[in-house]
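This is what each chain is made of:
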Amino acid sequence: MKQYERLIETPIGTLIAVTDGEAITVLDFADDALDIEPSGHPLLLQLSNELEEYFSGKRTVFTLPLNPHGTMFQKEVWETLRKIPYGETLSYAAEAKRFGNPKAVRAVANANGRNPIAILIPCHRVIATGGGLGGYSGGIEKKVFLLALEKDNPYL
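Just so it is clear, the structure is predicted and the values come from calculations on it, not from any experiment. (Residues numbered from 1 in each chain as written. Predicted model: local features only at pLDDT ≥ 70, side-chain atom pairs only at ≥ 80, totals over all residues. Heavy atoms only, no water.)

Chemist: Sorry, what's going on with the sheet that holds strand E2 (residues 13-19) here?
Modeler: Two orientations exist for strands paired in a sheet by backbone hydrogen bonds: parallel and antiparallel. Strand order across the open sheet formed by three strands is E1-E2-E3, with antiparallel pairing between neighbours. What marks the edges here is a single partner per strand, and that holds for strand E1 (4-10) and strand E3 (24-29). Between one strand and the next, the sheet's axes are offset by a mean angle of 20°, whatever the strand orientation. Bridge count for E1 against E2 is seven bridges, and the pairing is antiparallel. The residue of E2 that forms the bridge with Arg6 is Ala17. (Pairing = 2+ DSSP bridges. Helix = DSSP H or I, 4+ residues; strand = E, 2+ residues; numbered from the N terminus. Axes fitted to C-alpha atoms, helices over the stretch in contact; angles between N-to-C directions.)

In structure tokens:
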């Protein structure tokens, strides 16, 4: 299947976005310099616009179709993540409970860490039970930024 890619500059660094033409399949931090042919695919242009609105405090919900690749378990966990409202946080234990398996905290946390669509599937909203930040595959400083952005949003 054909894939279309685009680099998107944000306040927390460059993101690489990928679509299969039907949905967004990847939105990840591009830590290394990438040499890609930027696509003008409409989904990637819409994603770029929605991210710009999000980072400027004007968007709290993303409207793009998503199709993250993973196991059925991971996809179900990621769907649970999508239900965490903007500006709210949830502990890993509470996420496992919402997911329907309170004893699966580690498995749920591992699925969060494999989330291929950053920000739109908001794993940054999950924190440690004691109130600590927990981890973030993009780096803890990015998680801090995203949580602060959502907490201080004047549009809420």
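Chemist: Before we go on, may I ask you to explain helix H2 (residues 72-82) in this structure?
Modeler: The periodicity of an α-helix, 3.6 residues per turn, causes residues three or four positions apart to be oriented the same way. Gln74, Val77, Trp78, Thr80 and Leu81 are the residues of H2 that are buried. Around the axis of H2, the buried residues are gathered within 150° of arc, so they sit on the same side. Residues of H2 that are buried sit in contact with helix H3 (92-99), helix H4 (105-113) and strand E5 (126-127). (Buried < 20%, exposed > 50% of the residue type's maximum accessible area, 1.4 Å probe, protein only. Arc of directions from axis to C-beta. Contact = heavy atoms within 4.5 Å.)

Chemist: Explanation requested: empty space enclosed by the protein in the structure shown.
Modeler: Over the atoms, a rolled probe matching the size of one water molecule traces out where space is still vacant. Scanning the model with the defined rule gives one cavity of 30 Å³ or more in all. Counted as a void, the largest cavity has a volume near 40 Å³. What lines the largest cavity is Leu27, Asp28, Phe29, Asn115, Ala118, Cys123, Tyr136, Ser137 and Gly138. In the lining of the largest cavity, the residues fall into five nonpolar, three polar and one charged. (1 Å grid on protein atoms, 1.4 Å probe; cavity = no way out; pocket = protein on both sides within 12 Å on 5 of 7 lines; lining within 4 Å. Points joined across faces, edges and corners; volume = space filled by probe spheres on them. Nonpolar A, V, L, I, M, F, W, Y, C, P; charged D, E, K, R; others polar.)

Chemist: Would you mind showing me how to read the pairing of E2 here?
Modeler: Regular strands place side chains that alternate from one sheet face to the opposite one. Buried residues dominate E2, accounting for five of its seven residues. Counted between consecutive antiparallel strands, the loop separating E1 from E2 contains two residues. By the bridge criterion, five bridges tie E2 to E3 in an arrangement that is antiparallel. Bridge assignment links Val18 to a residue of E3, and that residue is Val26. From the end of E2 to the start of E3, which pair antiparallel, there are four residues, and Gly21 there has a positive phi angle of about 100°.

Chemist: Where do I start with helix H1 (residues 42-55) in this structure?
Modeler: Between its first and last C-alpha, H1 extends 20 Å over 14 residues, near the 20 Å set by a 1.5 Å rise per residue. Those residues of H1 not exposed but buried are Leu43, Leu44, Leu47, Glu50, Leu51, Tyr54 and Phe55. Mapping the buried residues of H1 onto a view down its axis gives an arc of 130°, with all of them on the same face. Exposed side of H1, more than 90 degrees from the buried face: Pro42 and Glu52 are the residues found there. The inward-facing, buried residues of H1 contact E1, E2, E3 and helix H5 (140-151). One or two steps after H1, the chain reaches Gly57, where phi turns positive at roughly 85°. (Expected span 1.5 Å × (residues − 1).)

Chemist: What am I meant to see in the layout of surface pockets here?
Modeler: The volume enclosed by the largest pocket comes to roughly 180 Å³. Forming the boundary of the largest pocket are 13 residues, of which Val61, Phe62, Arg82, Leu120 and Arg125 lie nearest the centre. Here the lining of the largest pocket is composed, by residue class, of 10 nonpolar, one polar and two charged.

Chemist: Just checking my understanding: could you explain the nonpolar core for this structure?
Modeler: Membership of the largest hydrophobic core comes to 38 residues, with the highest contact counts inside it found for Leu47, Leu51, Ile119 and Leu120. Residue assignment for this core shows that the elements contributing at least two residues are E2, E3, H1, H2, H3, H4 and H5. Here this core takes six residues from H1, the largest share from any one element. Ignoring sequence-local partners within four residues, the contact set of Leu51 consists of Ile8, Leu15, Leu27, Phe62, Ile119 and Leu120. (Core = buried A, V, L, I, M, F, W, Y, C linked by side-chain atoms within 4.5 Å.)

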